Amino acid sequence: MTRSTSRDRRRGFRLLTAAGAGLLLVPLAASCGSGDDSGGSGAIKIGVPAPLSGDSASAGQDILAAAKVAADEINKAGGVDGRDVQIVEADDQCSAQQGAQAAQKLLNSGVVAVAGGYCSSAAVPAIPIFGRRSVPFVLDASTNPGLTDTGKGKVFRTCGRDDNQGLVAAKFMTGQLGAKRIALLHDNTTYAKGLADATANSVKQAGGQVVYQDALQPGQSDYSPVLTKVASTKPDVLYFTGYFAEAGLLMKQRKQLGLKFTLMGGDATTDSTVLKTAGAAADGYIATTAPLAKDLPTASKFVAAYKAANNADPGPFSVYEYDAVKIVAKAIEDAGSTEGKDITDALHKMKDFPGITGPITFDDKGDRTDPLYITVRVQSGAFTAYKKLDKSGGTWVDAKTS
């Protein structure tokens, strides 16, 4: 059935014209899943897709908690144009199938914009679903370059991209660590394989040698055979680009095997769960990541609010989710509308939004114009800011004080 729509905002009804039928006058509330409540007076719904169950649940729950802190602050300050912000959650389980279902669930609930996403593999099918309704999607942790490259201008990021992170990782390994032989281990997910590929390209450009690049099977309990195979290639560094559940086991089993190569990981390995899994074997572990909440002076108020609400420290992507919700709310306010197209236009026009992760301006694709990656190292059972590149991009300096 072909259907065209027009809106009579005065009366709060939607006129539906169906092929072979006359005009139907339907209350707006019955138009489920439109992603558009622009004449309404109730709460403005912002969707948060995240893995709320499964191996990555701690990261997803952290993202959801951060979104609620942001919404609470917005509402206590008067809301957006006098309307409260309501966070609507959906469990994407870090999978493509569930990612698509979560996206449709959010649309059906009437969200006007989306701020969230942890696993790139779940974001891939969600993006066109949101896009068909012109609902903007601001990612807080999904870093695969293709998400914004193919997002048709409706996808944004408060985090960085894996090609940026891969370059930083390669420079750190070949420069700061002086490594010549690099092993890359991923888990075949969209995020992990993408980061591994980006790092491999940058390692080669930096004059290093990739001596191993392959995937492990996530969800296993013993990675000793994988580590032994990696060790046979005699790497100086093994860079694991997968998620924290496997990273903790790799740390622990590497120590049990007595392997001497340096073990590093990407930004999906900095969840505190990894420290519980690895125990003392995590000491000295290095990861590339965007700055963590505790290392951002501008995030102190957020950290305090998060702790008060959750009786726990915020996780690695909490501040990027907080900024995602805040910048969506500002875009709705600037647009004076909850129409998806208007919100998207306002996001593209945003310049130097004062995020707690730093000023945020989006390029034409929707990526941040100033992404920042640093390295962190596990010391005394905690991730601690370690090194970052100076403004010239050629010298590693102390990330804690510089």
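All of the points below concern the structure found in this document. In this text, all values refer to a predicted model and were calculated from it rather than measured experimentally.

Here we come to the overall build of the chain. Within the chain one finds 12 helices and 18 strands. Residue burial in the chain is summarised as follows: out of 402 residues, 55% are buried. Summarising the internal contacts of the chain: among those between residues at least 6 apart in sequence, 64% fall at separations of at least 24.

Within a regular strand, the side chains alternate between the two sheet faces. Residues A113 and A115 point to one face of strand β6 (residues 113-116) and V114 and G116 to the other, with burial holding for every one of them. With two bridges connecting them, strand β4 (residues 44-50) and β6 associate as parallel partners. Looking at the pairing, G47 lines up with V114 of β6. Note: β6 against strand β7 (residues 137-139), three bridges, orientation parallel.

The next point concerns the pattern of salt bridges. The tally for this structure, following the rule as stated, stands at 13 salt bridges. D367 is paired through a salt bridge with R157; the nearest N and O atoms lie 2.8 Å apart. Of the two residues, D367 is situated in the loop between β15 (358-360) and β16 (374-379) and R157 in strand β8 (residues 155-157); the sequence distance between them amounts to 210 residues. Exposure class is identical for D367 and R157. Each is buried. The closest approach of N and O atoms between D197 and K193, which form a salt bridge, is 3.0 Å. Here the residue D197 and the residue K193 both occupy positions in helix α6 (residues 190-205), the gap between them amounting to four residues, near one helical turn. We classify D197 as partly exposed; its relative accessible area is 30%. Because the salt bridges share partners, they merge into one network encompassing D149, R157, R161, D163, K365 and D367.

Our focus in this paragraph is the sheet that holds strand β11 (residues 237-240). Pairing is mixed across the open sheet formed by eight strands, whose spatial order is β10-β9-β11-β12-β13-β16-β17-β18. Looking at the sheet topology across the chains shown, the edges are occupied by β10 (209-215) and β18 (396-398). Going from strand to strand, the sheet's axes swing by 30 degrees on average, the running direction of each strand aside. Sheet analysis places β16 next to strand β17 (residues 382-389), joined by five bridges and oriented antiparallel. Counted as the bridge partner of T375 is K387 from β17.

For the rest of this paragraph, the subject is unusual backbone geometry. A positive phi angle is found at D81, which is not glycine, with a value near 50 degrees. Inspection of the secondary structure puts D81 in the loop between α1 (57-76) and β5 (85-91). Given the relative accessible area of 54%, D81 is considered exposed. With phi around 70 degrees, N188 is a residue other than glycine that occupies positive phi space. If you trace the backbone, N188 turns up in the loop between β9 (181-186) and α6. In this structure N188 comes out as exposed when scored by relative accessible area, which is 52%.

Counting 108 residues, the largest nonpolar core has I87, Y118, F302 and L347 as the members making the most contacts within it. Leave out the neighbours within four places in its chain, and I87 touches I46, V48, L64, A67, K68, A71 and V325. L106, A123, F130 and F137 belong to the second largest nonpolar core, which has 18 residues in total.

Calculation criteria
Each chain carries its own residue numbering, running from 1 in the written order of its sequence. Side-chain atom pairs in this predicted model are given and counted only at pLDDT of 80 or more, local residue features only at pLDDT of at least 70, and totals for whole chains, interfaces and linings cover all residues. Working from all heavy atoms in the structure, the side-chain values ignore hydrogens and water. Going along the chain from the N terminus, every DSSP run of H or I of four or more residues is numbered as a helix, and every run of E of two or more is numbered as a strand. Residue burial is assigned from relative accessible area. The probe radius is 1.4 Å, only protein chains are included, and a residue is buried under 20% of its type maximum, exposed over 50%, and partly exposed in between. Working rule for contacts: check all heavy atoms of both residues, and any pair within 4.5 Å makes them a contact. In this description, strands pair whenever DSSP reports at least two bridges between them. Each salt bridge in this description consists of a side-chain nitrogen of Lys or Arg and a carboxyl oxygen of Asp or Glu lying within 4 Å of one another. The angle between two axes is taken between their N-to-C directions and runs from 0 to 180 degrees, where each axis is a line fitted to C-alpha atoms and a helix contributes only its stretch in contact. Here, nonpolar core means buried Ala, Val, Leu, Ile, Met, Phe, Trp, Tyr and Cys residues that are tied together by side-chain atoms lying within 4.5 Å of each other.

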